[in-house]
Every structure is written in structure tokens, then in C-alpha cells.
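If you want the building blocks of each chain, they are given just below.
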Amino acid sequence: MDAASQLLKQWSDHLQRLCQEGFLDDQFLQLKQLQDEDNPKFVVEVVSLFFDDSEKLLSNMAKALEEKVVDFKQVDAYVHQFKGSSASIGALRLKNGCINFRNYCETQNKEGCLRCLQQLKQECYVLKDNLKALFMLEQQYVAAGGSISKLS
Amino acid sequence: MAISTPSSASSGSSMAALMENGDQLPHVLAVDDSVIDRKLIEKLLKNSSCKVTTAENGPRALEFLGLGDHDRHNSLEKGNVSKVNLIITDYCMPGMTGYDLLKKIKESSVMREVPVVIMSSENVPTRISKCLEEGAQMFMLKPLKQSDIKRLKCHLMNSGN
């Protein structure tokens, strides 16, 4: 197996694992299908936007939960946004992590909210690392002469 | 293509413009407060051969349509009224919701014939019927996929509206 084929296999295995372990769902695959010659970096761009946006949202959630009198409606609004973006890129674990979070917002349970926030932050790091690895494999594969069409 | 309701001859032309393009691609205005969703819907629509303008909230959308506050004084100036063939908007937006936006569009004599589609990440039956009652063409569940846009085009083509 030449270098490109090996890298393709690594990439494919990595993606498969991410899907099987529930990090990513079908929506991520939908995003990949949208990528084409006109927009060869579409997925990377959307994912970058997502992580930038998430950072802001998570920081907003943290600030809101630090207030003396917590505005749970506001926290819930941030979580709702986060859930939506996560769903849009196929970040399944993140999306699901928001469900409990919203419940705690509804019952105005600050401790529960803080736990969920921590969990979301953790999951974000893990997903970011995993996607970085995936994109790196893609780059290496293309650099080794691999054909982009095989990445669909 | 015979698409018209008794009161709206021009809705036929909006639909026809959407489907029978000739030289012109249908122009869609997509409204969503999420930057990620705006990027996604833009790509989905472009992949379906549409020209796309995005807006991040209701007021900006209205401005683009020539229905903004400052446009009220220039109601005779049709020059700025954009030839938008379809408006697709998120429901949950801070300030002006997609529903509020829908109402404003339907209140406008110039824009009311343009089909409006509402998107939401939440499947709330009362929300859906409220929007359809107010004149929304369709309600779609997020996240949107390519197949949803195909379905949208089919629906607009076949609907007797």
C-alpha cells in the first residue's frame, strides 16, 4: 500500500470511529457532501466558525452562571443556540449534552448547570482534537498525491 | 405553469420565476441569527442553483426587502425593491422572531406574494400551525439537508398557491 492509500485508510478509520462512538452523526456527513470544487474548504470553514462561536457561547454561559442572581432564561437561550449549532454540524455528543443542561435551566438548578457546562467544555476540547486529527489526515493524504474525490 | 390563487396573480410569477429560470437564478433571502446556519443554508441553496442573500436578523431582512423603517417614506421608490423569489427564515431569533418577520412581509402590499418558509430546530405543532395560518408556505425542521431543499423546490412547484 502506498503512502496515499495508507493515509486514506487512516482517515476513513478515524471518521468511522468518530461516528461509531457518537461524536459525529449523519449531519456531519451531509456537510462533507456539500463540499465541492467551488468550496473545497467548506467543512473546515464551518467547523472553525462553530468552535469560534462555541467559545463565545460557553463563555457567556459561564458569566451568566456567575451572576449573584442567575438569569436562567438567558442561560437557557445560550444553551439553545449552542444546541442548534451543534446539531447543524453533526456534533451529536454536544447536542445531547445540551438536553440535560436545558432541564437544569428550567428547574433553576445552578449546580446542575455548572456540571453540564463543564461537561460541554470537555466535550468541545475532545471534538476539536478529533476533528483536527481528521483534517490533518486529509491534508497529508492530498499532499501524498491522494485524490480529493475519494474523501467523500 | 398555472400557479395562482384568486387573489394573487403575482404569486404565480414569483413561483414561476423560482422554477422556470431561463437566464436568471431564483433569488433567495435567508434569515438566521446563527452564523453557522447562515453558511449552511447558503451552501445548500447555491448547490441548488439559487442566488442567495443572507441576513442575520429580521430588521436587516426587512431593510433588504425595502420594507425597513426608513423605507416607509420612500414607498413610491420601487427601484430598491429587490426581486426576491423566496424568503427562508429561522423561527427563533432574538428581537424580531421569524413569525414576526413573516407577519410584516404578509402585511406588505409589495412583498406579500413572495413565499416565506420558516425553519426551526424545534418541532412544536402549535408553532407550525401558527406560521402556516399566517401564510408561511412551508415549515422545515433544522438542521437542513440537501434533500430538504429538493423537497422545498418540489413543494413550491406543485403547490396550488
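Residues numbered from 1 in each chain as written. Chains lettered and ligands numbered in written order. Predicted model: local features only at pLDDT ≥ 70, side-chain atom pairs only at ≥ 80, totals over all residues. Heavy atoms only, no water.

Draft legend 1. View of the UniProt feature "modified residue: Phosphohistidine" (unreviewed entry) in chain A. Residues and elements named next belong to chain A. With numbering matched to this structure, UniProt assigns "modified residue: Phosphohistidine" (unreviewed entry) to His80. Here His80 lies in helix α4 (residues 72–89). Exposure remark for His80: the relative accessible area of 17% places this residue in the buried category. (UniProt positions renumbered as here; feature names shortened; annotations may be inferred. Helix = DSSP H or I, 4+ residues; strand = E, 2+ residues; numbered from the N terminus. Buried < 20%, exposed > 50% of the residue type's maximum accessible area, 1.4 Å probe, protein only.)

Draft legend 2. Expanded view of helix α6 (residues 146–158) of chain B. All names here are of chain B. Taking 1.5 Å of rise per residue, the 13 residues of α6 would be expected to cover 18 Å, and the 19 Å separating its terminal C-alpha atoms lies within 8% of that figure. Among all positions in α6, only Gln146, Asp148, Ile149, Leu152 and Leu156 are buried. Along α6, the residues classed as buried sweep out an arc of 160 degrees about the axis, all on the same side. In α6, the exposed residues that point more than 90 degrees away from the buried face are Lys150 and Asn158. (Expected span 1.5 Å × (residues − 1). Arc of directions from axis to C-beta.)

Draft legend 3. Inspection of the nonpolar core at higher detail. Counting residues in each nonpolar core, the largest one holds 66 residues, and the members touching the most others are Phe28(A), Met61(A), Phe82(A), Phe101(A), Leu131(A), Leu45(B) and Ile88(B). Here this core takes twelve residues from helix α3 (residues 42–66) of chain A, the largest share from any one element. Not counting residues up to four positions away in its chain, the partners in contact with Phe101(A) are Met61(A), Leu65(A), Val75(A), Val79(A), Cys113(A), Cys116(A), Leu117(A) and Leu120(A). Grouped together as the second largest cluster of nonpolar side chains are 23 residues, Ala55(B), Leu65(B), Val84(B) and Leu101(B) included. (Core = buried A, V, L, I, M, F, W, Y, C linked by side-chain atoms within 4.5 Å. Contact = heavy atoms within 4.5 Å.)

Draft legend 4. Structural view of the pairing of strand β2 (residues 51–55) of chain B. Residue and element names in this part refer to chain B. Strand direction decides the pairing type here: strand β1 (residues 27–31) and β2, joined by five bridges, are parallel. Residue pairing in the sheet places His27 in a bridge with Lys51 of β2. For the handedness criterion, the β-α-β arrangement of β1, helix α2 (residues 35–47) and β2 is classed as right-handed. (Pairing = 2+ DSSP bridges. Right-handed = clockwise from strand over helix to strand, strands pointing away.)

Draft legend 5. Structural view of the packing of aromatic side chains. The tally for this structure, following the rule as stated, stands at two aromatic pairs over all chains. Plain terms: the ring middles of Phe50(A) and Phe51(A) are 5.2 Å apart, the flat faces sit at 70 degrees to each other, and that makes the pair edge-to-face. Owing to a relative accessible area of 0%, Phe50(A) belongs among the buried residues under this scheme. Residue classification places Phe51(A) among the buried residues on the basis of a relative accessible area of 9%. Seen in terms of ring centroids, Phe50(A) and Phe82(A) are 6.1 Å apart; in terms of plane orientation they differ by 45 degrees. Their pairing is tilted. Residue Phe50(A) is found in helix α3, and its partner Phe82(A) is found in helix α4; the two are separated by 32 residues along the sequence. The burial state of Phe50(A) is the same as that of Phe82(A); both residues are buried. Chaining the aromatic ring pairs together yields one cluster made of Phe50(A), Phe51(A) and Phe82(A). The cationic tip of Arg93(A) hangs over the ring face of Phe23(A); the distance from NZ or CZ to the ring centre is 3.9 Å. Residue placement shows Lys130(B) over the ring face of Tyr99(B); its charged tip is 4.3 Å from the ring centre. (Phe/Tyr/Trp six-rings, centres within 6.5 Å; stacked < 30°, edge-to-face > 60°. Lys NZ or Arg CZ within 6 Å of the ring centre and 35° of its normal.)

Draft legend 6. Looking closely at the interface of chain B and chain A. Tallying the contact residues gives 17 residues for chain B and 20 residues for chain A. The contact between chain B and chain A buries some 1500 Å² in all, and 64% of this surface belongs to carbon and sulfur atoms. Counting the surface chain B buries against chain A, the share from its top three residues, Ile36(B), Lys39(B) and Lys43(B), is 42%. There are three salt bridges connecting chain B and chain A. As a salt-bridge pair, Lys39(B) and Glu45(A) come within 2.7 Å of each other at their nearest N and O atoms. Our count for the chain B to chain A interface comes out at five residue pairs in polar contact (both at pLDDT 80 or more). Counting residues per element, the side of chain B that touches chain A draws most heavily on α2(B), at eight residues. Of the residues contributing to the side of chain B that touches chain A, the split by class is seven nonpolar, four polar and six charged. (Buried area = accessible area lost by both parts, 1.4 Å probe. Salt bridge = Lys/Arg side-chain N within 4 Å of Asp/Glu carboxyl O. Polar contact = N/O pair within 3.5 Å; in protein donor to acceptor, adjacent residues only side chain to side chain. Nonpolar A, V, L, I, M, F, W, Y, C, P; charged D, E, K, R; others polar.)

Draft legend 7. The packing of α3(A) against helix α6 (residues 110–143) of chain A, seen in detail. All names here are of chain A. Direction vectors running N to C along α3 and α6 enclose 160 degrees, while the axes themselves pass 11 Å from each other. With respect to each other, α3 and α6 are oriented roughly antiparallel. You can see that α3 and α6 cross each other, and the crossing is left-handed. Between α3 and α6, the residues in contact are Val43, Val44, Val47, Phe51, Ser54, Leu58, Met61, Ala62 and Leu65 and Lys110, Cys113, Leu114, Leu117, Leu120, Lys121, Cys124, Leu127, Lys128, Leu131 and Phe135, respectively. Taken together, the residues of the contact of α3 with α6 break down into 16 nonpolar, one polar and three charged. (Axes fitted to C-alpha atoms, helices over the stretch in contact; angles between N-to-C directions. Parallel < 35°, antiparallel > 145°, perpendicular 65-115°, else oblique. Left-handed = near helix turned anticlockwise from the far one by under 90°.)

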